[in-house]
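Structural characterization, general
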Amino acid sequence: MQPIHLAGIDYTILLAYVAFVIGIGWTLARYMKTSSDFLTSARSIPTWVTGLAFISANLGALELVGMGASGAKYGISTAHFYWVGAIPAMVFLGVFMMPFYYGSKARSVPEYLKMRFDERVRGLNAFAFAVMTIFASGISMNALAKLLNSLLGWDYNFGLFVCSGVVLLYVLKGGLTSAIYTEVLQFFMIVLGFAPVVWLGLKDVGGWHAMTTTLQSVAVNPSTIYIKDAGISYAPNAWTSAWTPVLAGPAHNPLGVDWFAMIFGLGFVLSFGYWCTNFLVVQRAMAAKNMTAARNTPLVAAVPKMFFPFLVIVPGMIAAALTTLPDKGYRIPPPIISQANYDKAIADVKSVNAADAVKTIGDDLGKKVDSGKILSLVAANAASKLSDDQIKQGLYNSVAENDYDGVILSLVKKYCPPGLLGLALTALLASFMSGMAGNVTAFNTVFTYDIYQAYFVKGRSDHHYFITGKVITVVGILLSIGAAYFASMYNNCLDIIQLVFGFVNAPIFATMLLGMFWKRTTGTGAFFGLLGGILSSTLFHAMTIAQGNAPGIKGGYLEVDKIFPSEMAQNFWLAAFAFIVCFTLTVVLSLATKSQKTDADLKGLVYSLTPKIVDNNVPVYQKPAVVGIVLLIVCVILNAIFW
Amino acid sequence: MGLDIRWPIGLMFTLIGALLAISGAVTKSDHAISLGVNINLVWGLVLLVFGVLMLLGAIMGNSGPPAGK
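Residue numbers run consecutively from 1 along every chain, following the written order of its sequence. Chains carry letters and ligands carry numbers; both start at the beginning, A for chains and 1 for ligands, and go up in the order they are written. A pLDDT threshold of at least 70 governs which residues receive local features in this predicted model, and a stricter bar of 80 or more applies before side-chain atom pairs are shown or counted, although totals over entire chains, interfaces and linings include all residues.

**Observations concerning the overall build of chain A**
The cut-off we apply is this: Going along the chain from the N terminus, every DSSP run of H or I of four or more residues is numbered as a helix, and every run of E of two or more is numbered as a strand. We take the radius of gyration over the C-alpha atoms and set the globule estimate at 2.2 Å times the residue count to the 0.38 power. Any residue surrounded by 20 or more other C-beta atoms within 10 Å of its C-beta is treated as buried, while 12 or fewer makes it exposed and the intermediate range makes it partly exposed; C-beta atoms here are placed from the backbone.
Counting secondary structure elements, chain A contains 26 helices and 2 strands. Taking 2.2 N^0.38 as the reference for a compact globule, 643 residues should give roughly 26 Å; the C-alpha atoms of chain A span a radius of gyration of 25 Å, in line with that estimate. Overall, chain A is about 85 × 50 × 45 Å in size when its C-alpha atoms are taken along their principal axes. Here chain A, with 643 residues, has 58% of them falling under the buried criterion.

**Notes on the overall build of chain B**
Let me state the cut-off plainly: It is the C-beta atoms, placed from the backbone, that decide contacts: two residues are in contact if theirs lie within 7 Å.
Scanning chain B from terminus to terminus reveals 2 helices and 0 strands. Buried residues in chain B amount to 35% of all 69 residues. Within chain B, contacts between residues at least 6 apart in sequence are counted, and of these 73% link residues at least 24 apart.

**Some points on unusual backbone geometry**
Despite not being glycine, A:K105 has its phi angle at roughly 65°, a positive value. Tracing the backbone shows A:K105 in the loop between α5 (80–103) and α6 (109–116).

**Observations concerning helix α8 (residues 156–205) of chain A**
Residue and element names in this part refer to chain A. This is how the line gets drawn: One fewer than the residue count of a helix, multiplied by 1.5 Å, yields its expected span. Throughout, the bend at a residue refers to the angle made by two axes, fitted to the seven residues ending there and to the seven starting there.
The end-to-end C-alpha distance of α8 is 33 Å, clearly below the 74 Å that 50 residues give at a rise of 1.5 Å each. Of all the bends found along α8, the most pronounced is centred on G175 and spans about 125°. Burial of α8 is extensive: 36 of the 50 residues sit out of reach of the surface. Positioned one or two residues after α8, G206 has a phi angle of 105°, which is positive.

**Notes on the interface of chain A and chain B**
Convention followed: Asp, Glu, Lys and Arg are counted as charged, while Ala, Val, Leu, Ile, Met, Phe, Trp, Tyr, Cys and Pro are counted as nonpolar; the rest, among them Gly, fall into the polar class.
The interface is formed by 30 residues belonging to chain A together with 21 residues belonging to chain B. Grouping the amino acids of the side of chain A that touches chain B by side-chain chemistry returns 21 nonpolar, 7 polar and 2 charged.

**Brief notes about the nonpolar core**
Residues and elements named next belong to chain A. For clarity, the cut-off: Residues enter a nonpolar core if they are buried, belong to Ala, Val, Leu, Ile, Met, Phe, Trp, Tyr or Cys, and are joined to the set through C-beta atoms within 7 Å.
Counting residues in each nonpolar core, the largest one holds 221 residues, and the members touching the most others are M317, A424 and F572. The element best represented in this core is α8, accounting for 22 residues. With sequence-adjacent residues up to four places away left out, M317 is seen in contact with G71, A72, G75, I76, M211, L215 and W239. One finds I346, V349, L395 and V399 within the second-largest nonpolar core, a separate group that totals 13 residues.

**A short note on the environment of A:C635**
Relative to the helices and strands, A:C635 is located in helix α26 (residues 624–641). Residues in contact with A:C635, not counting those within four places in the same chain, are A:W83, A:I87 and A:M306.

**Notes on the packing of helix α9 (residues 207–220) of chain A against helix α15 (residues 314–324) of chain A**
All names here are of chain A. Where we set the bar: Helix axes are fitted to C-alpha atoms over the stretch in contact, other axes to C-alpha atoms as well, and angles between N-to-C directions run from 0 to 180 degrees. Note that the term roughly parallel is reserved for angles under 35 degrees, roughly antiparallel for angles over 145, roughly perpendicular for angles of 65 to 115, and oblique for everything else. Crossing handedness is defined as follows: a turn of the near helix away from the far one that is anticlockwise and smaller than a right angle gives a left-handed crossing, while the clockwise case is right-handed.
Close contact between α9 and α15 brings their axes to 9 Å; oriented N to C, the two are set at 70°. Classed by the angle they form, the pair α9 and α15 counts as roughly perpendicular. Crossing geometry of α9 relative to α15 is assigned as left-handed. For the pair formed by α9 and α15, the contact residues are M211, T214, L215, S217 and V218 on the first element and M317, I318, A320, A321 and T324 on the second. Considered class by class, the residues forming the contact of α9 with α15 number 7 nonpolar, 3 polar and no charged.

**Structural notes on the environment of A:G419**
By the element assignment, A:G419 lies in the loop between α20 (407–415) and α21 (420–456). When the C-alpha positions of A:G419 and A:L6 are compared, they lie 8.9 Å apart, and in sequence the two are 413 residues distant.

**Remarks on helix α1 (residues 8–29) of chain A**
For α1(A), built from 22 residues, the straight-helix expectation of 32 Å at 1.5 Å per residue is met to within 8% by its first-to-last C-alpha distance of 31 Å. Buried within α1(A) are the following residues: A:I9, A:D10, A:I13, A:Y17, A:F20, A:V21, A:I24, A:G25 and A:L28. Each element contacted by the buried residues of α1(A) is listed here: α8 and α21 of chain A together with α1 (6–26) of chain B.

**Notes on the environment of A:D601**
Here A:D601 lies in the loop between α25 (567–592) and α26. For A:D601 and A:R116, which are 485 residues apart along the polypeptide, the C-alpha to C-alpha distance reads 8.2 Å.

**Here we look at the confidence of the model for chain B**
All names here are of chain B. Stated formally: A score between 0 and 100, pLDDT records how confident the predictor is in each residue.
Per-residue confidence for chain B averages 81 on the pLDDT scale, and 86% of its residues sit at or above 70. Segment residues 63–69 is flagged for pLDDT under 50; beyond a separation of four residues in sequence, or across chains, it makes 0 contacts in the model. Both confidence scores are given for the complex: pTM 0.87, ipTM 0.89.

**Brief notes about the packing of α1(A) against α21(A)**
Residue and element names in this part refer to chain A. Running from N to C, α1 and α21 cross one another at 35°; their axes reach a closest spacing of 8 Å. Note on packing geometry: the crossing formed by α1 with α21 is right-handed. For the pair formed by α1 and α21, the contact residues are I9, D10, Y11, I13, L14 and Y17 on the first element and L421, G422, L423, L425, T426, L429 and A430 on the second.

Structure (C-alpha cells):
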C-alpha cells in the first residue's frame with residue numbers, strides 16, 4: 001500500500017481529538033486526590049457513561065482490525081462473537097454477577113477472589129491478569145504503529161512512542177475517570193467515523209443484496225481471492241449465513257468449527273470468561289455510582305454492542321466482495337512488502353524468461369504468488385513496455401496472500417477524501433489508544449492493590465499508594481511498548497488475543513461461577529483448580545495445532561496429537577477443555593477440603609447467602625432482569641435473521 | 001466527578017462537524033473517490049447536529065434538577 005499524505009484538515013481533526021483527550025485528563029487532574037479517585041473513580045460515574053466505556057474499553061485492535069479481518073476471512077459467522085458470545089455474557093454479568101462484585105465493595109476482581117477464597121487465588125489471578133493486560137495493550141499499540149507506518153509512512157518506533165506518550169499524559173493526569181471519559185468520546189468517534197465508510201462501501205458494492213450475491217461466489221471458490229487453498233469449496237451461503245454452515249460441520253464453514261465448539265467453547269467459556277471476569281471491562285461497571293447503575297452498565301453496553309457487527313464485520317465482507325469484482329480495482333491488501341523487494345521483482349519482470357518467472361519473482365517478493373497473474377504480467381510487459389508503477393501494481397495484485405488486518409484501512413483509504421479521511425483515521429487511532437489506556441488503567445489498579453499493597457508494601461498511607469499507582473502507570477506503558485514489539489511477529493491479532501484469553505480466562509470463569517453460586521467451594525479447591533486449568537490449557541496448546549501451521553509458537557511444540565481445521569477451532573476447544581478441567585478439579589478438591597470461611601464471611605459474596613436485591617422503587621425499564629430479557633429476545637431475533 | 005462529559009463531546013463534534021461541512025461546501029471536486037457523494041458536507045452536517053444535541057443536553061442538564069420532566 002502506498003503511503004498517503006494527510007491534508008491540513010486531516011491533521012486538524014486529529015490534533016483536535018488529541019487536544020480534547022489531553023484536556024479531559026487535565027481538567028480531571030484536580031479531582032484526583034486519593035488512590036481511590038485515581039484507580040477506581042471513587043464510584044461516581046453515571047450509567048450511560050460507564051455503559052459506553054464498558055464496550056469502548058474492548059474496542060481496540062480486537063474489535064476494529066480483528067473483526068474486519070475476520071469478516072473478510074469468515075463472513076457473517078464472525079457475528080457469533082457478538083450474538084452468541086458477548087450479549088448473553090453481558091446480560092448474565094449485569095443480572096447475576098454484578099451484585100457480588102459491586103456489593104462486596106472489592107476494588108478489583110482479584111480482590112473479590114481474596115474475599116471469597118484466599119490470598120493464593122488472588123495472587124494467581126492478579127499476576128495472570130497483569131501479564132494479560134500488558135499483552136493486550138502491546139497488541140493494540142503494535143497494530144497502531146503498523147497502521148501509521150503503512151498508511152502515513154511514519155517510522156514504526158516513532159508512531160509507537162508518540163501514541164504511548166499521549167496515553168501516558170491523559171491517564172497519568174486523570175486516572176481511571178480520564179480513561180472512562182475518553183472511552184466515551186472514542187465510542188462516538190468510532191461509530192461516527194466508520195459509519196460513512198461502511199455506507200460508501202455498501203453503495204460501491206451495489207447494496208446489501210448485491211454484496212451477499214457476490215459473496216456466494218467467494219464461498220464456492222475462496223481460493224480465487226486467496227482466502228483458502230485451492231480446491232476448498234463451501235456451500236454458497238458460507239459467508240452470508242451465521243448458523244447453517246456451522247451446523248453442517250467444521251468442513252463446511254470457513255471458521256472450521258462445529259456447533260459444540262461454537263456454543264460451548266466460544267459462547268459459554270470464552271465469552272463469559274471474558275465479559276464476566278475480565279477486570280478491564282468489569283472495572284467500568286464497578287466505577288458506577290450505585291448498585292442499579294452498576295448492574296445496568298453491561299446492559300446499556302449490550303444495546304450498541306448488538307449492532308456492532310454492521311459496523312465492524314460488514315466492512316470485511318464488503319472487502320471480500322469487492323475483491324471478486326474486477327472493475328472495482330480493489331483487493332484485500334497483501335502483506336506489506338518492502339520497496340527494495342518490489343524493485344528487485346520489477347527488474348526481474350523485465351529480464352526473466354517465462355519458464356523461471358514465477359519462482360524468481362516469488363522469491364524476490366518473499367511471498368506466495370499467483371502464477372497465472374505473474375505469467376500474464378511478464379507477457380504483458382514483453383508485448384508493450386509497462387511503466388514501473390504499472391508493473392508494481394501488477395505485482396501487488398499477484399501476491400497470493402492476504403494481510404487481513406489491513407482490510408479496514410484499505411477501505412478508509414479507498415473512499416475517504418481529505419477531511420473524512422482525517423475523521424476515520426482519528427477514529428482508528430482513538431480506538432487503539434483507548435485500548436491501551438483501558439488496559440493500563442486496569443493494570444495499575446490490580447498491580448497497586450493486589451500485588452504491591454498485598455505482598456510488598458502493606459499498611460502505608462493512601463498517598464503512598466496514590467503515588468505508586470502513578471509510577472505503575474508509567475511502568476505499564478513501558479511494558480506495553482515491549483509487548484508491542486513482541487506482537488509484531490503475528491499476522492491476525494484476533495487469533496492471538498483469543499489464544500491468550502483461552503489460557504487465562506477460560507479456567508477463571510469456572511472458578512468464579514463455582515465461587516459465586518456454590519458456597520461449598522473452598523480456597524484450596526479454587527486455587528488448584530485454577531492452576532490446573534491454566535496448565536492444562538497451556539499443555540493443550542503444546543500438543544495440538546491448526547491445519548497449515550508448523551509446530552512452534554502456534555502450538556504443537558511438544559508433540560502433535562490433534563490437528564484442528566483452523567486456529568479458531570483450536571482456540572475454542574482449548575477454552576472448553578481448560579474450563580472442564582478447572583471446573584472438575586475445583587469441585588473434587590472442594591469436596592475433599594474444609595472451607596476456611598464461615599457463612600457469615602461469605603455473606604454478600606455467594607448467591608445463596610446474599611439477600612435478594614429488591615428493586616421495587618426502580619422504574620420497570622431500569623430493572624436489570626427486565627432489560628436483560630428484552631436484550632436476549634432481540635439477540636435471538638438477530639440470530640434468526642442471519643440464520 | 002466534576003466534569004460533565006457531554007461538554008467535551010459536544011464541543012469536539014460541533015467543531016469537527018463545522019470544519020468538515022465547510023470544507024465540503026467550498027471544495028470544488030467531482031467527489032469521484034466518494035462515489036459522487038459530497039461526503040464531507042453530508043457527514044459534517046451529521047456530526048454538527050450530533051455535537052449541538054450533546055451541548056444542548058449538557059446545558060439542560062446543568063440548569064438544575066429536571067423539574068416537570
